[in-house]
Number of protein chains: 2
Amino acid sequence: MLKKLVLGIDVGGTNVKTALVNQFGDVLQRLNWPMEAMNGPEKFALEVHDKVSEMLQEAEFQWSDIGAAGVGLPAFLDIREGKIEQAVNLHWTNVPIVTLLADCLQVPVVIDNDANLAALGEVWLGAGKQSHSALCVTLGTGIGGGIVIDGHVYRGAATMAGEIGHIPIKWDGEICNCGHRGCFETLASATALAKAGQRVNLVSPRGVNQELTAEDVFTLAREGHVVASQVIQEMIYWLALGLTSVANTLNPDVIVIGGGVVLAGDALLVPLRKSFEELALPRVVRSCEIRAAQLGEKAGMLGAARLAWQYIDMNMD
Amino acid sequence: MLKKLVLGIDVGGTNVKTALVNQFGDVLQRLNWPMEAMNGPEKFALEVHDKVSEMLQEAEFQWSDIGAAGVGLPAFLDIREGKIEQAVNLHWTNVPIVTLLADCLQVPVVIDNDANLAALGEVWLGAGKQSHSALCVTLGTGIGGGIVIDGHVYRGAATMAGEIGHIPIKWDGEICNCGHRGCFETLASATALAKAGQRVNLVSPRGVNQELTAEDVFTLAREGHVVASQVIQEMIYWLALGLTSVANTLNPDVIVIGGGVVLAGDALLVPLRKSFEELALPRVVRSCEIRAAQLGEKAGMLGAARLAWQYIDMNMD
């Protein structure tokens, strides 16, 4: 029987985002709720069941309309075994999450990590549409990434492909949380930009008592603050240098940049493009567009839905 | 009709290597001849025809036994158009090589660049066998590379994927031929090792009048030369740093190292593995083996044959 819908579920450290999604990517119903990881994975699975039931009722659908559930997790996964190996922020280790959820929901469950599914979402419905080889990068506390080749997540040997936050960019740079020196995310994440602004004593335009954010630094630069502009320029150099490493390796046709700082728009993308053109190989530059992400915080949920549809496509006769 | 054989052709700057290869990778006949690029691509195509005819006769096969020809080229290619865009060492530009060869040989012709086909060869029959995601790196004058995912060459948007010789490794390093600073191949190629040895006045064990080579530096180190060991150690650090960038991005299950310096064996691979373990993400390290290439100068020719078999497989009913 042909199913009408899939579930897209994006599990975050603080929130769970869920949607009923048809095969065109239309969201027919959404529900978010707070993630309470400390109650453990069994309770979590029961809660997913209850919330989805609620959502189905509201939208006048049935469980039998759902063909599969895609789930994005902030975790290291063993995809073949359907297991969470470690979810640092959830404090979960060795959880057979696919079995748990499938038993509760009685629909097939497929999983991937959050960064990979955000990338898949952007390629399905957002800035990466129609690309053959997309690299999606999220600049946040760290730098996350996912690679989508011919419409499918490329995971590598241990679901680590696209985890570019710890590629070494500055051989003599500062030590990162991971213990290595000069990691990409110590130089080019939103946090890195905020810290660089704090180091030169920039003051948040939202008030002296507010901790300076990456967005604040862009606001200051837009208002003509020269030091803020310099801080951004330096961050963009490192961002372009890291993207050069990755793009010379992968030769993607699109690099999608996500995270709060893309709200800065051309103030970020235009100098980034310029710097990338100066650093990467000409043929790599010519075949690659750099675009701002379009789906915002919905990317992971929609990517999870896409993964569920791909599962259904693969398992149909 | 089922064909018995394919042609694997590896076009180099000085030599053309050709073989008749069956579907198991057995080489039934080989022929090498000097490449005379200055005679132009039309003459080259005629010569391929003559040499292959010779080879067929010797091995008692017919042209009708050949299902397709795979051709590796030292060039930037437009694979979709079947064109050489630029082959710097051959001084060829904008050559419709697929049409030229197919007209001459009267068999289907498929092309890729030499580094990609060397990678495909190693994954088919050499050090990358049974890998799902292999990165093959050749340390020579520069650093070449190819990526093979699920048995197929991953090319990226403009056949540049795996061209890791110019990823930026040392942000404040020396300017490379390509105009950028601190490229991987200025620090970790065979040439880079030889130059580093020359800078500290190492003398070739083959004689004072011999120009010091990378292999010489390994020989000196093996014989207990402390400075040679230090030079190697530094080169291996940069090699590991570059492979870390690429491996954190791709998460390959195998990295195959090729080129003359792998003859050094464990003197290269053991410290390289150690340095890689110190620099890359633990999950990336655990899921990745580093191996020496096994096919030597036959890798490209065998990869070309594999590409031809893949063409046949795709075009069979």
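Report on the accompanying structure. Please read these numbers as outputs of a predicted model, since none were measured by experiment.

## Here's the deal with the sheet that holds strand 3 (residues 27-34) of chain B
All names here are of chain B.
Alright, step 1. Spatially, 3-2-1-4-8 is the arrangement adopted by the 5 strands of the open sheet, whose pairing is mixed. Edge strands, defined here as strands with exactly one partner in the open sheet, are strand 3 and strand 8 (109-113). Each strand of the sheet is rotated relative to its neighbour by a mean of 15°, with strand direction disregarded.
Alright, step 2. Looking at chain direction, strand 4 (residues 66-73) and strand 8 are connected through 5 bridges and run parallel. From the neighbouring strand, glycine 72 faces strand 8, where its bridge partner is aspartate 112.
Alright, step 3. Against the sheet, helix 2 (residues 97-105) engages strand 1 (5-11), strand 4 and strand 8, with an angle of about 140° to strand 8.

## Quick look at the packing of helix 3 (residues 114-125) of chain B against helix 10 (residues 299-314) of chain B
Residue and element names in this part refer to chain B.
Alright, step 1. With their axes 7 Å apart at the nearest point, helix 3 and helix 10 run at an angle of 80° to one another. What the angle tells us is that helix 3 and helix 10 run roughly perpendicular. Contact residues: helix 3 offers Leu117, Ala118, Leu120, Gly121, Glu122, Trp124 and Leu125, while helix 10 offers Ala299, Gly300, Leu302, Gly303, Ala304, Ala305, Arg306, Leu307, Trp309 and Gln310.
Alright, step 2. Grouping the amino acids of the contact of helix 3 with helix 10 by side-chain chemistry returns 11 nonpolar, 4 polar and 2 charged.

## A few points about the sheet that holds strand 13 (residues 289-292) of chain B
Residue and element names in this part refer to chain B.
Alright, step 1. Strand order across the open sheet formed by 5 strands is 11-10-9-12-13, with mixed pairing between neighbours. Each of the sheet's edge strands pairs with one partner strand only, and the pair in question is strand 11 (152-153) and strand 13.
Alright, step 2. As defined by bridge partners, strand 12 (residues 254-258) adjoins strand 13 across 4 bridges and the pair is classed as parallel. Across the sheet, the residue bridging to valine 256 is arginine 291, located in strand 13.
Alright, step 3. Contacting strand 9 (133-139), strand 10 (143-149) and strand 12, helix 7 (residues 226-250) crosses the sheet at an angle of about 155° to strand 9.

## A look at the pairing of strand 9 (residues 133-139) of chain A
Residue and element names in this part refer to chain A.
Alright, step 1. Of all the 7 residues making up strand 9, 6 are buried; the element is thus mostly covered by neighbouring parts of the structure.
Alright, step 2. Two elements, strand 9 and strand 10 (residues 143-149), share 7 bridges in a ladder whose sense is antiparallel. Each bridged residue has a counterpart across the sheet, and for threonine 138 the counterpart in strand 10 is glycine 144.
Alright, step 3. Taken together, strand 9 and the strand that follows it, strand 10, pair antiparallel across an intervening segment of 3 residues.

## Regarding helix 10 (residues 299-314) of chain A
Alright, step 1. The end-to-end C-alpha distance of helix 10 of chain A is 22 Å, a good match for the 22 Å that 16 residues give at a rise of 1.5 Å each.
Alright, step 2. Along helix 10 of chain A, the residues classified as buried are Ala299, Gly300, Met301, Leu302, Gly303, Ala304, Ala305, Leu307, Ala308, Trp309, Gln310 and Ile312 of chain A.

## Description of the pattern of salt bridges
Alright, step 1. As enumerated under the stated definition, the model contains 18 salt bridges over all chains in all.
Alright, step 2. The residue glutamate 297 of chain A makes a salt bridge to arginine 30 of chain A at a minimum N-O spacing of 3.8 Å. Taken together, the residues glutamate 297 of chain A in the loop between strand 13 (289-292) and helix 10 and arginine 30 of chain A in strand 3 (residues 27-34) connect sequence positions 267 residues apart.
Alright, step 3. Given the relative accessible area of 31%, arginine 30 of chain A is considered partly exposed.
Alright, step 4. When the shortest N-O distance is used, the salt bridge between lysine 4 of chain B and aspartate 65 of chain B registers 3.7 Å. You can see lysine 4 of chain B sitting in the segment before strand 1 and its partner aspartate 65 of chain B sitting in the loop between helix 1 (40-59) and strand 4, a full 61 residues away along the chain.
Alright, step 5. Residue classification places aspartate 65 of chain B among the buried positions, given a relative accessible area of 12%.

About the thresholds
- Residues numbered from 1 in each chain as written.
- Chains lettered and ligands numbered in written order.
- Predicted model: local features only at pLDDT ≥ 70, side-chain atom pairs only at ≥ 80, totals over all residues.
- Heavy atoms only, no water.
- Pairing = 2+ DSSP bridges.
- Helix = DSSP H or I, 4+ residues; strand = E, 2+ residues; numbered from the N terminus.
- Axes fitted to C-alpha atoms, helices over the stretch in contact; angles between N-to-C directions.
- Contact = heavy atoms within 4.5 Å.
- Parallel < 35°, antiparallel > 145°, perpendicular 65-115°, else oblique.
- Nonpolar A, V, L, I, M, F, W, Y, C, P; charged D, E, K, R; others polar.
- Buried < 20%, exposed > 50% of the residue type's maximum accessible area, 1.4 Å probe, protein only.
- Expected span 1.5 Å × (residues − 1).
- Salt bridge = Lys/Arg side-chain N within 4 Å of Asp/Glu carboxyl O.

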